[in-house]
Amino acid sequence: MLRFLLIFVYFCFTTSQGFSQKKKAKTSENFVLEQLAPGVWAAIHNDQYGKAICNAGIVDLGDKTLVFDPFMTPQAARELRAIAEDLTNRPVTIVVNSHFHNDHIRGNQEFTPFATIISSTYTRDQIALMEPEQQQWEKHHAPALLKATKKIYNSATGIDREELPMWIGYYEGMMESIDNLVITLPDIVFNDSLWILGSKRNVKLVEFKNCHTASDVALIIPSDRIAFLGDILFVQRHPWMADGEPASWQASLKHLYEDQSISTYVPGHGAVCDKRGLKSLQDYFDNIQQLTNSAMADSTQSLLLTQPIPKQYQNWYFSRFYQSNVKFLLSAIKHQE
Ligand SMILES: [Zn+2]
């Protein structure tokens, strides 16, 4: 997913503004704000050419303001910060990265030096390892990918026509930001779980191992029955499987589904949902796994790769991930043999 999904953006980097100098921004073309409870907001990426790319969260802890997953482009992150500070009337002092993919971490630079950035140990290590190479790759490939995507869009129909503005926003954002990125690593790391206590509410960061990546952190707000799941959850979108482990990912989805203490879920990509969103992704895993198992048993793997996306998923975004997911699952089965 990294190569594709890492197509998110930045615009013009300027030195971080002080809180007293912040500009108020209540709306953005890059995302839509959705209040989930008093003091809790989801910032949902705008699929129409937005440059946020992933979803984010703003949580008012009473005496501290926390942002979860500060987007791909510093420009969108700057807007998020302004809105968070306007809503809570204080600077953002805690930022959480759910995992290492570019669309969830590159806004970090807009929150320093005021904020502490928190992630799992694995995620910090991966950002340090992957970002230099990833950014070089994007520098070389984003212009051609943007050009090709725009060309395809001109003659596209149906779901492709609907989805491609999202990819155009992704590549445009990448190109606008790539020369101004500053790799900004988390400065607090943890394994397993971490409570952050506030005067108004407490939140728990929980590390899920071997899901979408080897380490994905969810932010749980027990008092409001809300969970920000990062890319553990995709809603009405094909998930990116190839950096993860589908079997244990499925087990985590099942665990989350059965946990009655949470009722509202914010995915890394897609709309806020209830338990039906979790179930839908579980079913996707089951169905695609079944298709690949049958193809292996019948030795029809290459045929499966030429088949269209199953009907129930033809209107899901990230359609280009489907073939990658099938290939990944087929190779995983081969490995087990
Ligand atoms: Zn991801």
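Computed from a predicted model, the values in this text were never measured in an experiment.

Cut-off values and rules
- Residues numbered from 1 in each chain as written.
- Predicted model: local features only at pLDDT ≥ 70, side-chain atom pairs only at ≥ 80, totals over all residues.
- Heavy atoms only, no water.
- Helix = DSSP H or I, 4+ residues; strand = E, 2+ residues; numbered from the N terminus.
- Contact = heavy atoms within 4.5 Å.
- Areas by Shrake-Rupley, 256 points an atom, 1.4 Å probe, with all protein chains shown as cover.
- Lys, Arg positive; Asp, Glu negative; His and termini not counted.
- Charge placed at Lys NZ, Arg CZ, Asp CG, Glu CD.
- Axes fitted to C-alpha atoms, helices over the stretch in contact; angles between N-to-C directions.
- Parallel < 35°, antiparallel > 145°, perpendicular 65-115°, else oblique.
- Left-handed = near helix turned anticlockwise from the far one by under 90°.
- Nonpolar A, V, L, I, M, F, W, Y, C, P; charged D, E, K, R; others polar.
- Donors = N, O, S within 2.8 Å, 3.2 Å for Na, K, Ca; no water.
- Tetrahedral: all angles 85-135°; square planar, octahedral: opposite > 155°, others 65-115°.
- Buried < 20%, exposed > 50% of the residue type's maximum accessible area, 1.4 Å probe, protein only.
- Salt bridge = Lys/Arg side-chain N within 4 Å of Asp/Glu carboxyl O.
- Pairing = 2+ DSSP bridges.
- 1 Å grid on protein atoms, 1.4 Å probe; cavity = no way out; pocket = protein on both sides within 12 Å on 5 of 7 lines; lining within 4 Å.
- Points joined across faces, edges and corners; volume = space filled by probe spheres on them.
- Core = buried A, V, L, I, M, F, W, Y, C linked by side-chain atoms within 4.5 Å.

Observations regarding the overall build of the protein chain
Right, on to step 1. Helix and strand counts for the protein chain come out as nine helices and 12 strands.
Right, on to step 2. Each of the three principal axes of the protein chain carries a C-alpha extent, and together these read 65 × 45 × 35 Å.
Right, on to step 3. Sequence-distant contacts, at least 24 apart, represent 71% of the contacts inside the protein chain between residues at least 6 apart.
Right, on to step 4. Total accessible area on the protein chain stands at roughly 14,100 Å², and carbon and sulfur atoms take up 53% of it.
Right, on to step 5. The protein chain carries 31 positive and 36 negative side-chain charges, and their two centres are separated by 4 Å.

Some words on the packing of helix H4 (residues 121-155) against helix H5 (residues 158-177)
Right, on to step 1. As a packed pair, H4 and H5 sit with axes 9 Å apart at the nearest point and diverge in direction by 155°. Taken as axis vectors, H4 and H5 run roughly antiparallel relative to one another. With respect to the hand of their crossing, H4 and H5 are arranged in left-handed fashion. Contacts from Glu138, Ala142, Pro143, Leu145, Leu146, Thr149, Lys150, Ile152, Tyr153 and Asn154 in H4 reach Arg161, Leu164, Pro165, Trp167, Ile168, Tyr171, Glu172, Met174 and Met175 in H5.
Right, on to step 2. Its residues placed into classes, the contact of H4 with H5 shows 13 nonpolar, two polar and four charged.

Remarks on the coordination of the zinc ion
Right, on to step 1. For the zinc ion, the full set of protein donor atoms is His99 (NE2), His101 (ND1), His212 (NE2) and Asp231 (OD), at a range of 2.2 Å.
Right, on to step 2. For the zinc ion, the four donor atoms are set out with angles of 86 to 173° between them, so the coordination reads as irregular.
Right, on to step 3. Donor residues binding the zinc ion come from one chain and are separated in sequence as H-x1-H-x110-H-x18-D. Here histidine 212 lies in the loop between strand S9 (202-209) and strand S10 (215-221) and histidine 99 lies in the loop between strand S5 (92-96) and helix H3 (102-105), a separation of 113 residues in the sequence. Across the pair, histidine 212 and histidine 99 agree in class, each one buried.

A closer look at the pattern of salt bridges
Right, on to step 1. Counting across every chain of the model gives 18 salt bridges.
Right, on to step 2. For the salt bridge of lysine 51 with glutamate 176, the shortest nitrogen-to-oxygen distance reads 2.8 Å. Linking lysine 51 in the loop between strand S2 (40-45) and strand S3 (56-60) with glutamate 176 in helix H5, this pair joins segments that are 125 residues apart in sequence.
Right, on to step 3. Measuring nitrogen to oxygen at the nearest pair gives 3.4 Å for the salt bridge that ties lysine 200 to aspartate 60. Here lysine 200, found in the loop between strand S8 (193-197) and S9, pairs with aspartate 60, found in strand S3; they are 140 residues apart in sequence, far enough to count as distant.
Right, on to step 4. Aspartate 60 gets classed as buried once you look at its relative accessible area, which sits at 7%.

Quick word on the sheet that holds strand S12 (residues 264-269)
Right, on to step 1. Read across the open sheet, the five strands follow the order S8-S9-S10-S11-S12; overall the sheet is mixed. Of all strands in the sheet, those with a lone pairing partner are S8 and S12, marking the two edges. On average, each strand axis in the sheet is inclined to that of its neighbour by 25°, with strand direction left out of account.
Right, on to step 2. In the sheet, S10 pairs with strand S11 (residues 226-234) via three bridges, with the strands oriented antiparallel. The residue of S11 that forms the bridge with isoleucine 220 is alanine 227.
Right, on to step 3. The strands touched by helix H6 (residues 246-258) within the sheet are S9, S11 and S12, with S11 carrying the most contacts at an inclination of about 155°.

What about the environment of alanine 37?
Right, on to step 1. With respect to the helices and strands, the residue alanine 37 is situated in strand S1 (residues 31-37).
Right, on to step 2. For alanine 37, a relative accessible area of 11% corresponds to the buried category.
Right, on to step 3. Linking alanine 37 and valine 59, residues 22 residues apart in sequence, is a C-alpha distance of 9.6 Å.
Right, on to step 4. Beyond its immediate sequence surroundings of up to four residues, alanine 37 is in contact with Asp224 and Ile226.

Here's the deal with empty space enclosed by the protein
Right, on to step 1. A complete count under the given rule lists four cavities of 30 Å³ or more for this structure.
Right, on to step 2. Within this model, the largest cavity holds a volume of roughly 60 Å³.
Right, on to step 3. Lining the largest cavity are Ile105, Arg106, Asn108, Gln109, Glu131, Gln135, Leu181, Val182, Ile183 and Thr184.

Observations concerning the nonpolar core
Right, on to step 1. In this structure, Trp167, Leu229, Ile232, Leu233, Trp249, Tyr265 and Tyr284 are the most contacted members of the largest nonpolar core, which totals 51 residues.
Right, on to step 2. Setting aside chain neighbours within four positions, we find tyrosine 284 in contact with His238, Pro239, Met241, Tyr313, Trp316, Tyr322 and Asn325.
Right, on to step 3. Formed by 21 residues, the second largest nonpolar core is a distinct cluster that contains Ala42, Val59, Ile94 and Phe228.

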